[in-house]
Number of protein chains: 2
Amino acid sequence: MVSMTVHSPAQSGVISRRDLQFLLHEWLAVERLVQRPRFEGQSRDLFDEVLELSERIATDRFAPHNALGDSNEPYIGDDGTIVLIPEVAAAIETFGTAGLVGCSIDLKVGGMQLPFVVGYASFSFFLGANVGTSGYLGLTIAAANLLLANGSAEQLETWVRPMVDGRFLGTMCLSEPQAGSSLADISTRAEPQPDGTYRLFGTKMWISGGDHEMGDNIVHMVLAKIPGAPPGVKGISLFIVPRVLVGPNGTLEERNDVALAGVNHKMGYRGTVNTILGFGEGAQRPGGSAGAVGYLVGDQHSGLGYMFHMMNESRIAVGLAAASIGYAGYSRALHYARERTQGRPPDRKDPASPQVPIIQHVDVRRMLLAQKAYVEGGLALCLYCCYLVDEAATAPDNVERERAATLLDVLTPIAKAWPSQWCLAANDLAIQIFGGYGYARESLVEQLYRDNRLNAIHEGTNGIQALDLLGRKVAMQDGSAFQTLLEAIQRTLERAQAGGGERAELASVLGAVVERLADVTHHLLMEPDSQVRLANATAFLEATGHIVVAWLWLDQLEAAEHGTGDFYEGKRQAARFFYAYELPRVEPQLNLLAGLDRTVLEMRNEWF
Amino acid sequence: MVSMTVHSPAQSGVISRRDLQFLLHEWLAVERLVQRPRFEGQSRDLFDEVLELSERIATDRFAPHNALGDSNEPYIGDDGTIVLIPEVAAAIETFGTAGLVGCSIDLKVGGMQLPFVVGYASFSFFLGANVGTSGYLGLTIAAANLLLANGSAEQLETWVRPMVDGRFLGTMCLSEPQAGSSLADISTRAEPQPDGTYRLFGTKMWISGGDHEMGDNIVHMVLAKIPGAPPGVKGISLFIVPRVLVGPNGTLEERNDVALAGVNHKMGYRGTVNTILGFGEGAQRPGGSAGAVGYLVGDQHSGLGYMFHMMNESRIAVGLAAASIGYAGYSRALHYARERTQGRPPDRKDPASPQVPIIQHVDVRRMLLAQKAYVEGGLALCLYCCYLVDEAATAPDNVERERAATLLDVLTPIAKAWPSQWCLAANDLAIQIFGGYGYARESLVEQLYRDNRLNAIHEGTNGIQALDLLGRKVAMQDGSAFQTLLEAIQRTLERAQAGGGERAELASVLGAVVERLADVTHHLLMEPDSQVRLANATAFLEATGHIVVAWLWLDQLEAAEHGTGDFYEGKRQAARFFYAYELPRVEPQLNLLAGLDRTVLEMRNEWF
């Protein structure tokens, strides 16, 4: 028995709550989680209330200034501080007051301790409504989780609790001007002090939310090297470097030596101020020793591991942002296509007849259905990964926990890259549906496209994700990690085949492709030359991504099987579209991989 | 014997002159044209001088304010006139003074009467350097050509000669708020006057270059309906509606009743002011009768045909703009990839070793090679079409002229849509190579991406191009028009096969795909239900586009066959890339078409 609520993506104007409920309850059955100790006392009703609250705040406080934040990007005012439109701080305060920072964070630091998947499902409303303003919050949640996993009890009290309360915001400081994708080459140094603290010196680049006047403080999570550390990534440590120093009882003291060195002007995500920060450049603390005060998190030289644990979550969050922005564009394009009249169908060209809503044109319907398949597919992929985070942490059985963790490891580069490619493609189609209006800045779909273009870049470019998948994840545990993914797909295929009918047909299509993928992967792993093996890593990432999303569409069809009515018909048609129009794209990519194509490898610098 | 000039796309910073020379001389052998009466007395040296002049002016006067024009977009000043940065007018004046408006325009109105292909090859420098400023000129050239083909001798003297002299600029006024893609529904009306002139009333939308203070006048080419005209497209007439009225001896008189009603703010192409114009809305001409004064071009109710003749050229120009913008991004990305050091190859991870230029990373090389294959392929496609314009007008043999005209008809939707899709993809890859810097507005590649996004929309969206190709061009002349394309491909295949070696191998790959395309096309033409036939028109356009570009790459390889050195090696490797990575994409599209897939057709409005 499935619920029959009226649905429409236009309900919230951004993301369909009906769809989220389908994904959470009918597909992932997250209600099962409340039987586990961590979620004791929680209920489906509670989850739905949080979703409803999130949608309301996103709609009322975030969506209205999305375009305004884009057209009035942050700048450095006369007094040297960042100037933002006031709506941003108001929205962030509302979010914090509602307790949403701590949605999935432990009770012990003031959070609600809801499942990770519920927290991120709720957050998707904010990402879709206004990714610029949501950026500050996403980073704060990530910083809090990073400290929860690795910080001391005192660090949790001093830094995480105020973040959960909505008073402190957080950042991630990884890149430097000479070291973007190559963290081995960071040069920020952290000098140990007799009192156990450190003093940091260096420049960090591309720091989102790196400086502003919102909240009481900014907690920077900074990667740096302690003098004498091993070279490369093995010498990286993680530090807390607050904007404002905090005294023993949580009192705010003087400013730390973290200076705003500039802001970047970006194509999109303009609402999130993006900064260059100088650590230990001045003598901002009169009488204090030079350098920015930092506190080591966990052990020395272990920072990259900590950061990567967090970064895996951040990568899923990037994918979720991409899916949410894509979804927002789809919702608007759908609304427009139903309202806008233009032209006539090919079999009724009489110019005296009235023009029809453009959704009646088959090519417009194609563009809408493609968007639906991409954004709902991307959202499903990201929420599935969030669900695996919960599974990895709370499944009753140790084997299940490990299986979930492994699957999550393998899927993370896909969850980051696939939506950032295909939900951007959805935004592209949304513009196309609007035509000239879509290219005008008043349309919002134009902004969504600019916003979403970031997601293929940050938290590791998609090229880096491809190397992560083929160069690391696939080879991990002697290939058995990737086997875990193939087995998960196999289980869905078996159930679909047992069920018969259309699902069985789709399963046999997918089954053949998955078998091919397994063969090709094996063939690649046998290749001893790493340059040849990795030459087409991007094709491998893209093909695997499409196969994974096809799998999840099939899996969703199982949940939709007994559903009747428009919502379920739409799910089925989107799945059919994905199998007819999208899955076949992987065949040429797999051929390229199977042939160990060297065309790119053999291209020389001087031939360009 | 082929020339061995040193080449580098970075030479001009935008488009490689070496590449243009290869395309014009070694591939298309445009020098042959000077044997025809229209081009009598011209020479290869003259063509090269014009190219060199164009590159110099584009580099010195257009490129430097490209970013400035983007960040200072046109606005309506306090006095109600459009404010532009002064560099735009200066650049346009330089272009006009150099006689470049009339590059390919008849001697009789003051032009240089060079081949169309030489004119547009030269213009590609401007499009790549600064598409915003070039927009005013492209429209002027198009308006002049439209009048040359259809205007009276007096109209040529009054309007075209001053355009060729660089004094008047031109526009195209087609769309209206309620009629974007559907010209059948325009409602601007033109009332005949006793003196043979007309008075126009209506609102035109998306008018690029529609109002400004540059030059002495703006010549609007306006579609409107004369009262009593047949309904739909058969009742459309074409009018000259100047901004400023012109007296008998070319003297400028009072302002016409054409009012600036607003400007649009766009994602890109910001340097080209985009306006909403009101015709006959006020009483701007004191004592004059109401309405904007217009002059009929050619016959009543024949306007759409005239406009479409011009629009075919405009569509090629859109494709050329897309290719040129893509090329500009490629040039910058290549330069950056050679300079920027970051990371190490997979077989040399020692963090103590120096970082390498990122062009050494195979995935970066993949992205550069893809860009090269797209932008050089797109440029070749557009210049080939320009060459067909010359052939259709000047080939000695009538059969050859008709063949060229037919081929041009079939290729035009591809020349418009393919570069606007794939050279935008090139711009996307250019951003990816820059990483975070590419997303920052200082990088220029960010602007190029925003600029190029327009080209899939204007002059008929790519969806419209797909309908044009499959719904009109393919069925034209009982299918023999499309046959002309297939035969042209066949001739290249035969020569390649006769030559043996690698070209013969590529030819057999392409030959099989072309055969499949022919079968699928035949199958589609047999389908009686137009909705079913056209349901996957976009897949047909995309597949045919990739096949055409693969054909032109093979054809270029013939010209490059005896070339030695880096330039030719690069051409060969780009062609190999296109065959290994790109051509295989068409197989799933052809399968979809062969199966007359109804997934989209069957999707219902209420299921979304």
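Residues numbered from 1 in each chain as written. Chains lettered and ligands numbered in written order. Predicted model: local features only at pLDDT ≥ 70, side-chain atom pairs only at ≥ 80, totals over all residues.

The next thing to look at is the overall build of chain A. Within chain A one finds 19 helices and 12 strands. The globule rule puts the C-alpha radius of gyration for 608 residues at 25 Å, and the 24 Å found for chain A is close to it. Put simply, chain A has 608 residues, and 59% of those count as buried. For chain A, long-range pairs separated by at least 24 residues make up 74% of all intrachain contacts whose partners lie at least 6 apart in sequence. (Helix = DSSP H or I, 4+ residues; strand = E, 2+ residues; numbered from the N terminus. Rg over C-alpha atoms; globule rule 2.2 N^0.38 Å. Buried ≥ 20, exposed ≤ 12 C-beta atoms within 10 Å, placed from the backbone. Contact = placed C-beta atoms within 7 Å.)

Here Ala-580 of chain B shows up in helix 18 (residues 566–582). Residue classification places Ala-580 of chain B among the buried positions, given that 21 C-beta atoms sit within 10 Å. C-alpha separation for the pair Ala-580 of chain B and Leu-506 of chain B, spaced 74 residues apart in sequence, amounts to 9.7 Å. Sequence-distant contacts of Ala-580 of chain B, defined by excluding residues within four places in its chain, comprise Leu-592, Asp-597 and Thr-599 of chain A.

This brings us to the interface of chain A and chain B. Contacts between the two partners involve 74 residues from chain A and, on the opposite side, 75 residues from chain B. Every element with two or more residues in the side of chain A that touches chain B is listed here: helix 8 (303–339), helix 9 (362–394), helix 11 (436–439), helix 13 (462–473), helix 16 (530–534), helix 17 (537–560), helix 18 (566–582) and helix 19 (586–594) of chain A. With eight residues, helix 18 of chain A is the largest single contributor of residues to the side of chain A that touches chain B. The residue makeup of the side of chain A that touches chain B, split by class, is 32 nonpolar, 23 polar and 19 charged. (Nonpolar A, V, L, I, M, F, W, Y, C, P; charged D, E, K, R; others polar.)

Turning our attention to the environment of Leu-200 of chain B. Position of Leu-200 of chain B relative to the elements: it lies in strand 5 (residues 198–208). Judged by the 24 C-beta atoms lying within 10 Å of it, Leu-200 of chain B is buried.

The subject of this paragraph is the relation of the copies chain A and chain B. Applying a rotation about an axis and a shift along it to one chain copy brings it onto the other copy. Superposing chain A onto chain B takes a rotation of 180° combined with a translation of 0.0 Å along the rotation axis, leaving an RMSD of 0.0 Å. In short, the pair behaves as if placed about a two-fold rotation axis. Every residue of chain A has its C-alpha some distance from the rotation axis, and the shortest such distance is that of Arg-585 of chain A, at 3.4 Å. Taken together, the interface assignments show that 100% of the residues at the interface of chain A recur at the interface of chain B, consistent with an identical surface on both copies. (Least-squares fit on C-alpha atoms with pLDDT ≥ 70 in both.)

Now for the packing of helix 8 (residues 303–339) of chain B against helix 9 (residues 362–394) of chain B. All names here are of chain B. Their axes nearest at 9 Å, the elements helix 8 and helix 9 cross at an angle of 150°. By the criterion of interaxial angle, the relationship of helix 8 to helix 9 is roughly antiparallel. As helix 8 runs across helix 9, the sense of the crossing is left-handed. Here the residues of the contact of helix 8 with helix 9 sort into 19 nonpolar, four polar and two charged. (Axes fitted to C-alpha atoms, helices over the stretch in contact; angles between N-to-C directions. Parallel < 35°, antiparallel > 145°, perpendicular 65-115°, else oblique. Left-handed = near helix turned anticlockwise from the far one by under 90°.)

All names here are of chain B. Judged from the two bridges that link them, strand 8 (residues 244–246) and strand 9 (residues 252–255) form a sheet pairing that is antiparallel. Considered in strand 9, the bridge of Val-244 is made with Arg-255. Remark: five residues form the turn of the hairpin made by strand 8 and strand 9, two consecutive strands paired antiparallel; Gly-250 in that turn has positive phi of roughly 85°. (Pairing = 2+ DSSP bridges.)

Now for the nonpolar core. Nonpolar side chains in soluble globular proteins tend to be buried together. If you look at the biggest cluster of nonpolar residues, it comprises 422 residues, and the most contacted ones within it are Leu-383 of chain A together with Leu-383 of chain B. Apart from residues lying up to four places away in sequence, Leu-383 of chain B is in contact with Leu-23, Leu-28, Val-117, Tyr-120 and Ala-121 of chain B. (Core = buried A, V, L, I, M, F, W, Y, C linked by C-beta atoms within 7 Å.)

Turning our attention to the packing of helix 15 (residues 501–526) of chain B against helix 19 (residues 586–594) of chain B. All names here are of chain B. Between helix 15 and helix 19, the least distance of the axes is 9 Å, while the angle of their chain directions is 20°. Considering their axes alone, helix 15 and helix 19 lie roughly parallel with respect to each other. As helix 15 packs across helix 19, the resulting crossing turns out to be left-handed. Across the interface between the two elements, Val-513, Arg-516, Leu-517, Val-520, His-523 and Leu-524 from helix 15 touch Val-586, Leu-590, Leu-593 and Ala-594 from helix 19. Residues of the contact of helix 15 with helix 19, tallied by class, amount to eight nonpolar, one polar and one charged.

With that settled, consider helix 9 of chain B. Helix length check: helix 9 of chain B, at 33 residues, gives a terminal C-alpha distance of 47 Å against a target of 48 Å (1.5 Å per residue), a fit within 8%. Here helix 9 of chain B lies mainly inside the structure; 30 of its 33 residues are buried. (Expected span 1.5 Å × (residues − 1).)

The next subject is the environment of Gly-250 of chain B. Residue and element names in this part refer to chain B. You can see Gly-250 is positioned in the loop between strand 8 and strand 9. For Gly-250, a count of 13 C-beta atoms within 10 Å gives the class partly exposed. When the C-alpha atoms of Gly-250 and Pro-162 are compared, they prove to be 9.1 Å apart, with 88 residues separating the residues in sequence.

What follows deals with the pairing of strand 12 (residues 292–296) of chain A. All names here are of chain A. Counting buried residues in strand 12 gives four out of five residues, a clear majority hidden from the surface. As paired elements, strand 5 (residues 198–208) and strand 12 share three bridges and run antiparallel to each other. Note that in strand 12 the partner of Arg-199 across the bridge is Val-293. Sheet analysis places strand 7 (residues 236–242) next to strand 12, joined by two bridges and oriented antiparallel. Opposite Phe-239, over in strand 12, you have Leu-296 as the bridge partner.

Of note, Tyr-269 of chain A is a non-glycine position whose phi angle comes to about 50°, a positive value. The backbone of His-301 of chain B shows a phi angle near 60°, a positive value even though the residue is not glycine. Along the chain, the position of His-301 of chain B falls in the loop between strand 12 (292–296) and helix 8.

This part takes up the confidence of the model for chain A. The predicted coordinates should not be examined in detail at positions where pLDDT is low. Residue and element names in this part refer to chain A. The predicted model of chain A averages 94 in pLDDT, with 97% of residues at 70 or higher. Segment residues 1–12: pLDDT under 50, and 23 contacts once partners within four positions in sequence are set aside and those in other chains are kept. Prediction confidence for the complex, expressed as pTM and ipTM, is 0.96 and 0.95 respectively. (pLDDT = per-residue confidence, 0-100.)

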